[in-house]
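# Coordinates in review
Next come the chains, spelled out residue by residue.
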Amino acid sequence: MCRFFLEPRENATDESRERRTIRIRGMNSSRMESLRNFPTPDVRVSLLLALTSQAATQAQRAAESLTKEGLKYALPRRNDIENLEEFLMTVPDLETIPYRVISKKERYQIREVESYLIAETDMPGTSGFDFMGSGQAFNTLADYLFGKNKRRETMEMTTPVLTRRKESQSQKMEMTTPVLTQKPSSTESWRMAFLLPSKFNEENLPIPENSSVKIRRVPAKLVAVTAFSGYVTDNLVKQKEGELRRALQKDGLVRVKDSVQPEIAQYNPPFTPPFMRRNELSVEVKYIDSPSN
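Just so it is clear, the structure is predicted and the values come from calculations on it, not from any experiment.

Along the protein, the regular secondary structure elements total six helices and 12 strands. Expressed as a percentage of its 293 residues, the buried residues of the protein come to 34%. Counting only carbon and sulfur atoms, one obtains 53% of the accessible surface of the protein, whose full area is about 19,700 Å².

On to the confidence of the model for the protein, then. Residue-level pLDDT values for the protein average 78, and 64% of them are 70 or greater. Contacts of residues 1-9 to residues separated by more than four positions or lying in other chains number 22 contacts, the stretch itself having pLDDT below 50. Taken as a whole, residues 169-186 scores under 50 in pLDDT and shows zero contacts with residues more than four places along the chain or in a different chain.

Looking now at helix α5 (residues 131-145). When the terminal C-alpha atoms of α5 are compared, their 21 Å separation across 15 residues agrees well with the 21 Å that a helix rising 1.5 Å per residue should span. Turning to α5, its buried residues are Gly133, Ser134, Ala137, Thr140, Leu141, Ala142, Tyr144 and Leu145. Contacts from the buried residues of α5 go to β5 (116-123), β7 (190-195) and β8 (214-218). Just downstream of α5, Gly147 is the residue with a positive phi angle, here 125°.

We now examine the pairing of strand β12 (residues 279-287). Across six bridges, the pairing between strand β9 (residues 221-228) and β12 is antiparallel. Bridge pairing in β12 places Ala224 opposite Val283. Two elements, strand β10 (residues 254-256) and β12, share three bridges in a ladder whose sense is antiparallel. Bridging across to β12, Val254 finds its partner in Tyr287.

With that settled, the discussion passes to unusual backbone geometry. Excluding glycine, residues mostly carry a negative phi; peptide bonds, for their part, are mostly trans. Going from Thr159 to Pro160, the amide bond is cis rather than trans, its omega being 10°. Counting through the fold element by element, Pro160 comes out in the loop between α5 and β6 (161-165). Positive phi values are uncommon outside glycine, yet Arg152 reaches one of about 55°. Within the element layout of this structure, Arg152 appears in the loop between α5 and β6. Of note in the backbone geometry, Ser259 takes a positive phi value of approximately 60° without being a glycine. Judged by its relative accessible area of 73%, Ser259 falls in the exposed class.

Tracing the backbone through its elements, the reader meets Ser229 in the loop between β9 and α6 (234-248). Note on Ser229: relative accessible area 19%, which makes it buried. Every residue in contact with Ser229, bar those within four places of it in the chain, is listed here: Glu85, Met89, Leu236, Pro274, Phe275, Arg277 and Asn279.

On to the pattern of salt bridges, then. Summed over the entire model, instances satisfying the criterion amount to 16 salt bridges. Put simply, Arg216 and Glu120 hold a salt bridge, and the shortest N to O gap is 3.0 Å. Placement of Arg216 in strand β8 and of Glu120 in strand β5 is noted, with a sequence separation of 96 residues between them. Taking the relative accessible area as the measure of exposure, Glu120 reaches 6% and is therefore buried. Taking the shortest distance from any N to any O, the salt bridge between Glu280 and Arg278 comes out at 3.0 Å. Taken together, the shared-partner salt bridges in this structure form one network comprising Glu120, Asp122, Arg164, Arg191 and Arg216.

Conventions and cut-offs
Residues numbered from 1 in each chain as written. Predicted model: local features only at pLDDT ≥ 70, side-chain atom pairs only at ≥ 80, totals over all residues. Heavy atoms only, no water. Helix = DSSP H or I, 4+ residues; strand = E, 2+ residues; numbered from the N terminus. Buried < 20%, exposed > 50% of the residue type's maximum accessible area, 1.4 Å probe, protein only. Areas by Shrake-Rupley, 256 points an atom, 1.4 Å probe, with all protein chains shown as cover. pLDDT = per-residue confidence, 0-100. Contact = heavy atoms within 4.5 Å. Expected span 1.5 Å × (residues − 1). Pairing = 2+ DSSP bridges. Salt bridge = Lys/Arg side-chain N within 4 Å of Asp/Glu carboxyl O.

Laid out in C-alpha cells, this is it:
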C-alpha cells in the first residue's frame, strides 16, 4: 500500500516552506514517472472544455442536418399544377424520377422518362395496398436503403414509392387437341420499388443483404400519367386506370402498349393529410405513327 504524507523541506525559504512535497513510499520508479506525467487540474479542465465544445459542435451539426431533412417535407415543392386538386398536392423536395413532359391534357400528361435504377421486392398477399403487405415490403426496402447492405452504407431517401402488379409468367404446355382457352387466374401478386439515388450505378451500388431485394434498371420509356390525391386503394386504382385508358383512346399522339400493367407512384410520407398527397398512375404508351406499329 502507498502512503502519502507532507513534510517541510529543510533549509527552505519562508515561501517554499508553505509548500508541501508529496513523498511516496512503496512506489516503484515507473509508477512515479506515471504520476509525474499525469495531467494537472488545469490540463484536465482544458481537456474537458475541449471535449464539451466538440460534442456541442457535433450536436449542432446533427440538429442542422435533421432540420434540413425535415424542411424537405415541411416545405415541399408543388409541380405540374393543372387544377385545384393538384394545387393542394405536395411533393417532398427529394430526388425523383427524371422525365420530360411531351404533352399536357386536361387530366393526364405524356412523359418521356429517363432510365433509372430501383430496388424492388415482392409484396405478400393479393392486394397492393393493404396495410400489412405494403408495410412489410416498405420496411424491407427501407432497411436496405438505410444500411442493411454489404457495405453498411446509408443512402439518401428518394421519392416516389412505386407499386405495380407483377407480369404474369406464361407457362409452356405440351401441344394437344382440341384448343382450349383458359381464363387467367384471378390471383394477383404485387411488387414495391424504391428509386435509387442517381449517383449510384450497377458498378458502385451496395449489394443488398436480404436476398428478396432485387436491383433492376428501368429502361427509358414513354408513359401517360394521371395524378390524384387521397389514400391509394385497389378500387381507386381500378377507377383511375379505367379513366386514363378511356381518355387515351381519344388521344391522337399515343396509344397504350399491349399487355402493360399500370404503375402507382406515391410521393408523400404517411403523416401527409389525404388531400395533400400526390399519387400518380402511369401506363406505358407508344407513338401512333411509330414504325413499330
